[in-house]
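# Fold and contact review
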Amino acid sequence: VSDLLVPRSDVGEFRKRYKWMALAAFLAFLVVVGRLFQLQVISGADYRAIAHENIVRRVTLATTRGVIRDAQGHVLASSRPAYNAYVVPGRALPSARPPHHATLDEVDTWSHIADSLRVNPEERARFEERIRAACTTDEDKSPCWRPLLVREDLPRDIVAELLQHESELPGVDVVSTPVRYYPYKNLGSHLLGYVAEIDAETLTRFHPPGYEHMPAEERQKANPLGYDVGDGIGATGVEHAWESYLRGQRGWEKRVVDARGRYRSGPDAERILDAPHRQEPIPGRDLRLTIDMELEQSAERAMRAQLSGAVVVVEAKTGRLLALYSKPDFDPNDLAGGGGKARVRETFSKLYADPLRPLLDKTTSGAFQPGSTFKPFSALAALEAKVVDPEQKEKCDGFLMFGRKMFKCAHVHGKVDMRAAIAESCNIYFTHVAEAAGMDSIARMANEFGLGAKTGIGVNPEAAGRVPTRSWYALRYKGQFRLGFTLNAAIGEGAMSTTPLQLALAYAALGNGGVLYMPQLVRAVETSDGAIVQDFPPRVRHKANVRPENLARVDDALYAVVNDPKGTAFPVRDPTLDVAGKTGTAQTGYVAAKDVDAKTAWYYSQSHAWFAAFSPAKSPEIAVIVIIEHGGSGPTVAAPLAIQIIHDYERLQAARAGRPMPKVATVQKTLAHAPAPGAP
Amino acid sequence: VIGGRLLGRARDHFDWALFLVAALLGVIGVVNLYSATSVLRASLSDMYVQQVYWLVFGGILATIVAAIDYRHYERLGYLLYAVGIVLLLLVFILGRDIRGSSRWIYIGSFSFQPSEFMKLFLCIALAKYLHDDPKSEERSLKDLVVPAILTGVPTLLVLKQPDLGTALILFLMFVSICALVRFKLRQLFYVVAGGGVAAEIAWNYGLKGYQKERITSFLNPDANVLGAGWHAHHARIAIGNGGVFGQGFMRGTQNQFQFLPDQYSDFPFAVFAEDWGFLGSLVLVVLYGFLVLWAIRIASTARDRFGAVLAVGVGSLIFWHAFFNLGMVTGLLPVVGVTLPLFSYGGSSVLTILIGIGLLMNVSMRRFYVSPGRGGGLILG
């Protein structure tokens, strides 16, 4: 013990060092304090901003797209939720993560999830591979934590099952997204159009370079409707044309998130958020169309036996479109993305491959030779120019030699005046009309009735059609102008073409005393609770410059087409209806290519069958156009369908007004004569 | 009578400043740990309670360590050192791999890190060597061969685990203790040059990939925010977010929203700085500064070389831990896993620091030793 207590060894060697050590330690801590001063006092505000940005996220609040209804209030397009299943790889398959990070209480739920989602074995293997690839690292922002879309548009029962077992299946999230829903499916698909996911090209239009870093106002200017990746945008039809009304404005809400991206709520989270917390989304405007869906259904029923064609029904004294039907059609639900992207792709490839072009709206985008339905305008041209005496009869031998070319007529009509020529559709009579009036005055009269120019419907790309003139031929043909061109024009053949919509409006004008209306598809814009924001009155486009007595004469001839025993549509007339109209059988001039099979060649060689009508004849309410592409004869194919649609219209009107229904007429099926194609 | 006299002496000689500062740090540390783990309460079941147990246990150990005359430690110096080395070797046999390194010995449900305690054993061994080798003339490198070996063996064993932080602390403690003795100036140049070469070799062959990544991410902090730079990046934001007055207790968003990984082990200061701001941080740094300077003061008043070296050793242990941790958390230094004394969660770390403080208390209390013969027993001698 004593040696412990002897005087200790000399500490003198260390004496001088203590001060230096103390100084060094002091300086070292001073540096730390300096650094803290820099971080907390000088840059404190900056770091506070960063810390705030770390946890406050602006979550966009979805808006609902406006509902589209028909004139009677039937819903034509609305939104429904589609439930998509996402899997977070790191939580569904924790065993895939690097081993030292996984905690013991996590178990693999992926196989249960896959069972619940009814993922087939092949897909299951593929997804499992993707999950494993994502989880090679599990840092906080690795793809291991990024949700993976596994199934789109889950059926309700699977959604219910997943929600019930939510607590036992960590790693699966069911997210609902709005998907456009068209309850009438194919019906009216062309006029309604569809909503599709915005494509990259369109998006770059709204997101110019540097968009991410633009101040809010500039962003607003470049992208007023706030499009983002994955948004739906109206692709065609009303959905496209009225996009800015239908879309609505997204809102946002500030939410507090932690480092793993989980939302936090409660008073602590509330305290962090700075005002304003939330901007409510503005729902899109609802649209009320002029379309009468029941009449549209009637058009669809009428066309059921036909391959391809179009129907237009327009209110004669307003220009409001009651039915626009184009066949073949498509189901916009397949293109709206509800069933997943694969279904959209598949549907598109099928639609593009179809030779009957189902995506084309034939009512407005298809231009066809009007055939004999054009004759009233030729007749009017001649009457206005006073170059033909309507009472004078011309002789029809069934054909006419014109140079070396022979013009054929359907029959040997004998001696016909203008009324009979229109009613019986005599081509020979109209060679005289053409010769007397001349091409340009016929063209002028066609233009008076809106033919050859776009109607301005504003939905879907519209064809202007063509009304040829001498100057048009001068540009088109190197050779001499021939009288034959004029003869063709007078009977709606050759270079002449119109869209069914143009013809409908022109016939409405024939019936209503010459007033050409703007076609109207949208009746009103409404708020989501039904208040009318904007109501669109009918608009007159043009008043045709024709003398009333001439118009009356032509209208009388059109009445004779249906009601005179010799009229072309007389055999298919409905005696309970008061219809005036004109049949047409337009040759298409189809020349079969060598590799086309006989059946196809036969189909395409058939004429377009037309019927253009207005009803009631004296003071028309509606004008109806029916065209069957390659349908053959106008009087036998198209006219009965138009009559049927007019009959349905009357029935609907009566039902809505509470009047007794008109009797169903037995349509006389046996025809007095079957007109040859090309000259009805 | 004797008992009363002994207690009276203990009271007179007791280093109240040392005790109070250490106790204050312990209390603040637990309070901060409460905040740091509050968000994880469910998964980290009441870590702060565990930490209180460690602090109480460490306090008891420190009292015992302080009560036994440090000259007994001097006597047993090399034996203690040998025990430390054996424990370090046992790590390789009994250790388990956690996050790519094995640092722990498991005995039943109990586990500890021998490398932590090795710091104290090394301190004692070096103190004994310098105590036994008094010199008044300047030393040459030859005189440091044995201390260098004493340091080198545990340092290499710890590097092998691998635990770069602890190895660094061991080495720096050795350097600090060496700073006490006088050197020939020329020899110092050799040391610096040799150190440079060693660093080069260590960089190329010694360091693991993740260790290098941490250093490069320190040199270029914004390059890899999501990867290796994540810790440093978010710790810096947390500190800055504290501002002058802090966000308030348990209100630091960086911590509460889990942007701070290892907030209870290596980064508790970021939590503290965010909650209490610059003023709170200043208080904390002053406390650590005081503790280190106080240790130097204790060394300067020590009656013998062993006590002086011991005090400087423990002082350097606290200094390097605090400086490295604060430097790393504030972004002054690369991220190496070094705990903040009495702040970081962990039994081995807390016990080591508290035993170290017990040793300081021991040296401090025995500065009043006047002459042989008056001292009573071994216990309070």
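This is a predicted model, so every value here is computed, not measured.

### A word on the overall build of chain A
When helices and strands are tallied, chain A shows 25 helices and 24 strands. Taken over the C-alpha trace, chain A has a radius of gyration of 37 Å; the compact-globule value for 680 residues is 26 Å, which it surpasses by more than 25%. Seen along its three principal axes, the alpha-carbon backbone of chain A occupies a region of about 155 × 60 × 50 Å. Out of the 680 residues belonging to chain A, those deemed buried represent 52%. If you take every contact in chain A between residues at least 6 apart in sequence, the share linking residues at least 24 apart comes to 73%. Carbon together with sulfur atoms contributes 54% to the accessible area of chain A, which is approximately 32,000 Å² in total. Computing the positive centroid from 83 side-chain charges and the negative centroid from 79, chain A places the two 4 Å apart.

### Considerations on the sheet that holds strand 24 (residues 622-628) of chain A
Residue and element names in this part refer to chain A. Read across the sheet, 5 strands follow the order 13-12-24-23-22 without closing on themselves; strand pairing throughout is antiparallel. Both edges of this open sheet fall to strand 13 (321-327) and strand 22 (580-586), since each of them pairs with a single strand only. The sheet shows a mean angle of 5° between the axes of neighbouring strands, direction not considered. Strand direction decides the pairing type here: strand 22 and strand 23 (residues 608-615), joined by 7 bridges, are antiparallel. Each residue of the ladder has a partner; that of glycine 584, found in strand 23, is tryptophan 610. Contacting strand 12 (309-315), strand 13, strand 22, strand 23 and strand 24, helix 25 (residues 634-657) crosses the sheet at an angle of about 145° to strand 24.

### As for the pattern of salt bridges
All names here are of chain A. One pass over the structure, following the stated rule, counts 33 salt bridges over all chains. Notably, a salt bridge pairs aspartate 286 with arginine 69, separated by 3.1 Å at the nearest N-O pair. Note that aspartate 286 is positioned in strand 11 (residues 286-289) and arginine 69 in strand 2 (residues 68-69), a separation of 217 residues in sequence. The residue arginine 343 makes a salt bridge to aspartate 334 at a minimum N-O spacing of 2.8 Å. A relative accessible area of 36% places arginine 343 in the partly exposed class.

### Observations concerning the pairing of strand 20 (residues 532-535) of chain A
Residues and elements named next belong to chain A. Bridging between strand 19 (residues 522-526) and strand 20 involves 3 bridges; their strand directions are antiparallel. Along strand 20, the bridge assignment pairs glutamate 526 with isoleucine 532. Between strand 19 and strand 20, which follow one another and run antiparallel, lie 5 residues, and glycine 530 among them has a positive phi close to 95°.

### A short note on the interface of chain A and chain B
Every contact between the two is made by 45 residues of chain A and, on the other side, 65 residues of chain B. Carbon and sulfur atoms make up 68% of the surface buried where chain A meets chain B, a total of about 5,200 Å² over both sides. Where chain A meets chain B, there are 0 salt bridges. Here chain A and chain B share 11 residue pairs in polar contact (both at pLDDT 80 or more) between them. For the side of chain A that touches chain B, the secondary structure elements donating two or more residues are helix 1 (17-42), helix 2 (44-55), strand 8 (251-257) and helix 12 (267-272) of chain A. No other element matches the 16 residues that helix 1 of chain A contributes to the side of chain A that touches chain B.

### Digging into the state of the cysteines
Residue and element names in this part refer to chain A. Here the structure, examined in full by the defined rule, presents 1 disulfide over all chains. Each sulfur of the disulfide joining cysteine 135 and cysteine 144 lies 2.1 Å from the other. Disulfide cysteine 135 to cysteine 144: torsion about the S-S bond roughly 90°, handedness right-handed. When its relative accessible area of 0% is taken as the criterion, cysteine 135 is described as buried. Given the relative accessible area of 0%, cysteine 144 is considered buried.

### Section: a nonpolar patch on the surface
Taken together, Trp20(A), Leu23(A), Phe26(A), Leu27(A), Leu30(A) and Leu293(B) make up a surface patch of nonpolar side chains, about 600 Å² in accessible area. It is helix 1 of chain A that provides the largest number of residues to the nonpolar patch, a total of 5 residues. Within the secondary structure, Phe26(A) is located in helix 1. We classify Phe26(A) as partly exposed; its relative accessible area is 44%.

### What about the confidence of the model for chain B?
Segments scoring low in pLDDT should not have their predicted coordinates read at a detailed level. Residues and elements named next belong to chain B. Overall, the prediction assigns chain B a mean pLDDT of 84, with 86% of residues at 70 or greater. Across residues 370-381, where pLDDT falls below 50, the model places 18 contacts with residues more than four positions away in sequence or in other chains. Across the whole predicted complex the pTM is 0.71, and at the interface the ipTM reaches 0.91.

### Quick notes on the nonpolar core
Grouped together as the largest cluster of nonpolar side chains are 134 residues, with contacts concentrated most on Phe377(A), Phe449(A) and Val626(A). For this core, the element with the most residues is helix 25 of chain A, which contributes 10 residues. Apart from residues no more than four positions distant in its own chain, Val626(A) is found in contact with Met303(A), Ala310(A), Val311(A), Ala609(A), Trp610(A), Phe611(A), Ala638(A), Leu641(A), Ala642(A) and Ile645(A). Counting residues in each nonpolar core, the second largest holds 119 residues, with Tyr288(B), Val335(B), Leu351(B) and Leu354(B) among its members.

### Some words on the side chain of His630(A)
If you trace the backbone, His630(A) turns up in the loop between strand 24 and helix 25. If we ignore the near neighbours within four places in the chain, the residues touching His630(A) are Thr588(A), Tyr603(A), Tyr604(A), Gln606(A), Ser607(A) and His608(A).

### Comments concerning helix 23 (residues 548-563) of chain A
Here helix 23 of chain A is 16 residues long and its end C-alpha atoms lie 22 Å apart, about the 22 Å a rise of 1.5 Å per residue gives. On its buried face, helix 23 of chain A sits against helix 16 (375-384), helix 17 (418-424), helix 22 (500-512), strand 22 and strand 23 of chain A.

### With respect to the environment of Ser142(A)
Residue and element names in this part refer to chain A. Mapped onto the elements, serine 142 comes out in the loop between helix 5 (121-134) and strand 4 (148-151). Assessed through its relative accessible area of 6%, serine 142 is described here as buried. Here the alpha-carbon distance between serine 142 and glycine 90, two residues 52 residues apart in the chain, equals 9.5 Å. For serine 142, the residues in contact, after removing those within four places along its chain, are Ala134 and Thr137.

### Notes on helix 8 (residues 164-178) of chain B
All names here are of chain B. With 15 residues, helix 8 extends 21 Å from end C-alpha to end C-alpha; this agrees with the ideal 21 Å at 1.5 Å per step. With 12 of 15 residues buried, helix 8 lies mostly within the body of the structure. Within helix 8, burial applies to Leu164, Gly165, Thr166, Ala167, Ile169, Leu170, Leu172, Met173, Phe174, Ser176, Ile177 and Cys178.

How each quantity is defined
Residues numbered from 1 in each chain as written. Chains lettered and ligands numbered in written order. Predicted model: local features only at pLDDT ≥ 70, side-chain atom pairs only at ≥ 80, totals over all residues. Heavy atoms only, no water. Helix = DSSP H or I, 4+ residues; strand = E, 2+ residues; numbered from the N terminus. Rg over C-alpha atoms; globule rule 2.2 N^0.38 Å. Buried < 20%, exposed > 50% of the residue type's maximum accessible area, 1.4 Å probe, protein only. Contact = heavy atoms within 4.5 Å. Areas by Shrake-Rupley, 256 points an atom, 1.4 Å probe, with all protein chains shown as cover. Lys, Arg positive; Asp, Glu negative; His and termini not counted. Charge placed at Lys NZ, Arg CZ, Asp CG, Glu CD. Pairing = 2+ DSSP bridges. Axes fitted to C-alpha atoms, helices over the stretch in contact; angles between N-to-C directions. Salt bridge = Lys/Arg side-chain N within 4 Å of Asp/Glu carboxyl O. Buried area = accessible area lost by both parts, 1.4 Å probe. Polar contact = N/O pair within 3.5 Å; in protein donor to acceptor, adjacent residues only side chain to side chain. Disulfide = S-S within 2.5 Å. Patch = residues over 30% accessible without salt bridge, like charges linked within 9 Å, V, L, I, M, F, W, Y side chains within 5 Å. pLDDT = per-residue confidence, 0-100. Core = buried A, V, L, I, M, F, W, Y, C linked by side-chain atoms within 4.5 Å. Expected span 1.5 Å × (residues − 1).

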